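Summary of structural features
These are the residues of each chain, in order.
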Amino acid sequence: MSETITREAPAEIGTNGNGHHNGSAPPRVLDSKIPSGPVADKWEKHKFDMKLVNPANKRKFTIIVVGTGLAGASAAATLAELGYNVQAFTYHDSPRRAHSIAAQGGINAAKNYQNDGDSIYRLFYDTVKGGDFRAREANVYRLAQTSVNIIDQCVAQGVPFAREYGGYLDNRSFGGAQVSRTFYARGQTGQQLLLGAYQALMRQVQRGAVNLFTRREMLDTVIVDGVARGITVRNLVTGEIESHAADAVLLCTGGYSNVYYLSTNAKACNVTAPWRAYKKGAFFANPCYTQIHPTCIPVSGDYQSKLTLMSESLRNDGRVWVPKAVGDKRSPETIPEDERDYFLERRYPSYGNLAPRDISSRAAKQVCDEGRGAGETGLSVYLDFADSIKRLGLETVQARYGNLFHMYHHITAEDPYKQPMRIYPAVHYTMGGLWVDYNLMTTVPGLFALGECNFSDHGANRLGASALMQGLADGYFVIPYTIGNYLAGGAMPKVSTSQDEFKLSAHETQAHINKMLSVKGKRTVAEIHRDLGHLMWDYVGMARNREGLTSVLPKIQGLREEFWNDVRVPGEANNLNQNLELAGRVADFLEFGELLAVDALHREESCGGHFREEYQTEEGEAQRDDENFSYVAAWEYNGEQAPNLHKEPLEFEEVHLAQRSYK
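Helix and strand counts for the chain come out as 17 helices and 21 strands. Counting only residues that meet the buried cut, the chain has 62% of its 663 residues in that class. Taking as baseline every contact in the chain between residues at least 6 positions apart, the subset at least 24 positions apart corresponds to 74%. Of the roughly 25000 Å² that the chain leaves accessible, carbon and sulfur atoms contribute 49%. Looking at the chain, you have 70 positive and 78 negative side-chain charges, and the mean spots of the two groups are 5 Å apart.

What follows covers the nonpolar core. Soluble globular proteins: nonpolar side chains tend toward being buried together. Membership of the largest hydrophobic core comes to 181 residues, with the highest contact counts inside it found for Ile 107, Leu 250 and Phe 448. Here Phe 448 is in contact with Ala 248, Val 249, Leu 250, Leu 251, Asn 439, Leu 440, Met 441, Thr 442, Ile 479, Ile 483 and Tyr 486, once residues within four sequence places are set aside. Listed in part, the six residues of the second largest apolar core include Tyr 261, Leu 262, Cys 296 and Leu 307.

Along the chain, Asp 328 turns up in the loop between β14 (319-323) and β15 (340-341). For Asp 328, a relative accessible area of 14% puts it in the buried group. Separated by 2.8 Å, the side chains of Asp 328 and Arg 330 make a polar contact. Those residues in contact with Asp 328 that sit more than four places away from it in its chain are Pro 323 and Ile 335.

The next subject is the environment of Ala 460. Looking at the secondary structure, you find Ala 460 in the loop between β19 (447-449) and α12 (467-487). Owing to a relative accessible area of 0%, Ala 460 belongs among the buried residues under this scheme. Put simply, Ala 460 and Asp 358 are 102 residues apart on the chain and 9.3 Å apart in space, counted from C-alpha to C-alpha.

What follows is about the sheet that holds strand β13 (residues 290-296). Reading across from one edge, β13-β17-β16-β14-β15 is the order of the five strands in this open sheet, with antiparallel pairing throughout. Here the strands that pair on one side only, and so sit at the sheet edges, are β13 and β15. Here three bridges tie strand β16 (residues 381-384) to strand β17 (residues 421-430), and the two strands are oriented antiparallel to one another. Note on β17: the bridge partner recorded for Leu 383 is Met 421.

Turning our eyes to something else, we now look at the sheet that holds strand β4 (residues 85-89). The strand order across the open sheet built from five strands is β7-β4-β3-β11-β19, with neighbouring strands paired in parallel fashion. Edge positions in the sheet fall to β7 (210-213) and β19, since each has one partner strand and no second. The mean angle between the axes of side-by-side strands here comes to 20 degrees, regardless of whether they run parallel or antiparallel. Bridge analysis of strand β3 (residues 62-66) against β4 gives five bridges, and the strand direction is parallel. Along β4, the bridge assignment pairs Val 65 with Ala 88. Packed onto the sheet, helix α3 (residues 70-82) meets β3, β4, β7 and β11 (248-251) and runs at close to 160 degrees relative to β4. This element, α12, spans β3, β11 and β19 of the sheet and lies at about 150 degrees to β11.

Another aspect to go through is the domain arrangement of the chain. The extent of an interface is frequently quoted as the accessible surface area lost upon association of the parts. The domains assigned to the chain are domain 1 (292-427) and domain 2 (505-632). If you average the C-alpha positions of domain 1 and of domain 2, the two centres end up 30 Å apart. With 13 residues of domain 1 at the interface, the matching set in domain 2 holds ten residues. Taken together, both faces of the contact between domain 1 and domain 2 bury some 930 Å²; the carbon and sulfur share is 60%. Among the residues of domain 1 in contact with domain 2, Ile 292, Arg 362 and Lys 365 are the three that bury the most area, contributing 49% of the side total.

Taken as a whole and judged by the stated rule, the model has 27 aromatic pairs. Ring geometry for Tyr 278 against Tyr 637: centres 5.6 Å apart, planes inclined by 70 degrees, an arrangement best described as edge-to-face. You can see Tyr 278 sitting in helix α7 (residues 272-278) and its partner Tyr 637 sitting in the loop between β20 (631-636) and β21 (644-649), a full 359 residues away along the chain. For Tyr 278, a relative accessible area of 3% translates into the label buried. By relative accessible area, Tyr 637 is classed as partly exposed at 30%. Considering the side-chain rings of Phe 385 and Phe 405, the 4.9 Å spacing of their centres and the 70 degrees angle between planes classify their relative orientation as edge-to-face.

The subject of this paragraph is helix α13 (residues 500-519). Within an α-helix, residues lying three or four positions from one another point in the same direction, as the helix has 3.6 residues per turn. Over its 20 residues, α13 extends 29 Å from the first C-alpha to the last, a length consistent with the 28 Å expected when each residue adds 1.5 Å. Residues of α13 that are buried include every one of Phe 502, Ser 505, Ala 506, Thr 509, Ile 513, Met 516, Leu 517 and Val 519, and no others. As for α13, its buried residues are in contact with β8 (216-224), β9 (227-235), β10 (241-245), α15 (546-566) and α16 (578-602). Immediately downstream of α13, the backbone of Lys 520 shows phi near 55 degrees, a positive value.

In this fold, Leu 143 is placed in helix α5 (residues 137-157). With 401 residues separating them along the chain, Leu 143 and Arg 544 place their C-alpha atoms 31 Å apart. Beyond its immediate chain neighbours, meaning those up to four positions away, Leu 143 contacts Asp 457, Met 469, Gln 470 and Ala 473.

Turning our attention to the pattern of salt bridges. Inspection of the entire model under this criterion finds 48 salt bridges. Between Glu 621 and Arg 347 there is a salt bridge, and its shortest N-O distance comes to 3.2 Å. In this pair, Glu 621 sits in the loop between α16 and α17 (626-629) while Arg 347 sits in helix α8 (residues 343-347), placing the two residues 274 residues apart along the sequence. Taking the relative accessible area as the measure of exposure, Glu 621 reaches 13% and is therefore buried. The class for Arg 347 is buried, based on a relative accessible area of 15%. Ionic pairing is found between Arg 422 and Glu 414, a salt bridge with its closest N-O pair at 3.2 Å.

Conventions adopted
Residues numbered from 1 in each chain as written. Predicted model: local features only at pLDDT ≥ 70, side-chain atom pairs only at ≥ 80, totals over all residues. Heavy atoms only, no water. Helix = DSSP H or I, 4+ residues; strand = E, 2+ residues; numbered from the N terminus. Buried < 20%, exposed > 50% of the residue type's maximum accessible area, 1.4 Å probe, protein only. Contact = heavy atoms within 4.5 Å. Areas by Shrake-Rupley, 256 points an atom, 1.4 Å probe, with all protein chains shown as cover. Lys, Arg positive; Asp, Glu negative; His and termini not counted. Charge placed at Lys NZ, Arg CZ, Asp CG, Glu CD. Core = buried A, V, L, I, M, F, W, Y, C linked by side-chain atoms within 4.5 Å. Polar contact = N/O pair within 3.5 Å; in protein donor to acceptor, adjacent residues only side chain to side chain. Pairing = 2+ DSSP bridges. Axes fitted to C-alpha atoms, helices over the stretch in contact; angles between N-to-C directions. Domains from an automatic or database assignment. Buried area = accessible area lost by both parts, 1.4 Å probe. Phe/Tyr/Trp six-rings, centres within 6.5 Å; stacked < 30°, edge-to-face > 60°. Expected span 1.5 Å × (residues − 1). Salt bridge = Lys/Arg side-chain N within 4 Å of Asp/Glu carboxyl O.

Below is the structure:
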């Protein structure tokens, strides 16, 4: 039996406090296409049941891939290797600049090289539990199955994973797991994996199988007869609006954390590609599921432009603590052991400092709210390596984390070998994204979403070292099968960029650009973006409540009006204009931020990275409401009206629903 999305009768979302009503569009039933049978057999059965494209016919199809990070580069390279014609687009000057390069600590795989009890099923279980039981079982199990192939693929490409003395691949632990399943390359795992995918991609570019378009930003999805058949992009160097046609479109454009302004994401990361697709009919699922990472360098000033992540791998050997006494501002090395509170070890003895990210972040916020935080602002906790240096030796710690320590020292002018790091939670990853079925196709036929751009694998909280795993699984091992099944489903007429749908898209895109340039107000785009970030962090950040969410919605709407009435975007449209690039992205954030808040207001429970203060246990842990909220919230664009809500019920046949405990 396939699971389905069923839409409730139009209901008043205003009962949840936002004052809006759903629209009255006719109900839709959407098939998530999850295969029948035991969860361990679904993917193999599905691969056999899917239709195939004859090798000679693959070169008749053109596929557009937007984004060239791990998901996009791996998908483009693999599809080109299979024989498809691929057009790959990136707003960078090289795919090597994709934000995947910033991932530090590692990639999970259920290889059980340590012989410590790991398995595909345990990785599956840990991921479902880590996501607070808000992910599809079938997708998560496929991810765990595929993980073992990813490592073999990357080793064959020459990715220099860390190795033990005897030459075997090394592993370390990450949060939310009691086994060592994380493969790593010092603190540069994302960079090394991206270089592997990049070289595979560039081989296909050299062969002529991939046409690589750099410095292009996708600004619209082109729909022809209800099917995604191309994209509209802006050449960021010349300003020219270009149209590109294909038989299918793959969005691999990452996450939307920069809606908070300050995040660990690169400054160029944005929501534009999926948001424009949302406005063309692709449902947006669980936008309120944003991950707060506990191990970031704290904010240092009002005009800081981004935050820097310190890898979760540091919590393998670093101990997290704060002073026991409120207001204790002594230098950390002078505070005796019995006057320190190792609060993660105290609260979660089974996992200690490797408790999952959402739980560790809230615990850090709690001790800081109590007045026991470190530093002048009191908004940080200590991550201390003194014990590890004594136990392991300085050289061992340097070998494991040297580049991370160097980065911390470069940014803070503090030496973590001699004094504890100071860390504080910050916005990092987004589990929400475009709704996709088991084949990674959105609600728009022919439009697929891969990696962080979709919602499917992490539920309400991502375990550390699983982002790289999902991106490569989708690109190398899932989409090559599922897109073949789609393309083999029946003959589609060829389309041309001279058709009216492409011309209209290009016209509307240019009109949107001209409108931003014509405002000629007084406020800069960065100022408005910073104001939006303050609203999002204060009301829709690490802790949320009905009163705050209700009050922030008109504030976001007011800021959006201010943007369109008083923003100043200098420069012109017909050449390189980074102010214009940023303006378009912030305009989309100002719309998307409202949807994120609406989703957070609607979900009256706490789960994973979504923490509603009204719904918590006596111990301050997240309290789910499985009876009323065990579903994916998939939102449909409804013009100027409030979005329509569709629900995909989540059924758990393998993993028993239980309140999470890491004690």
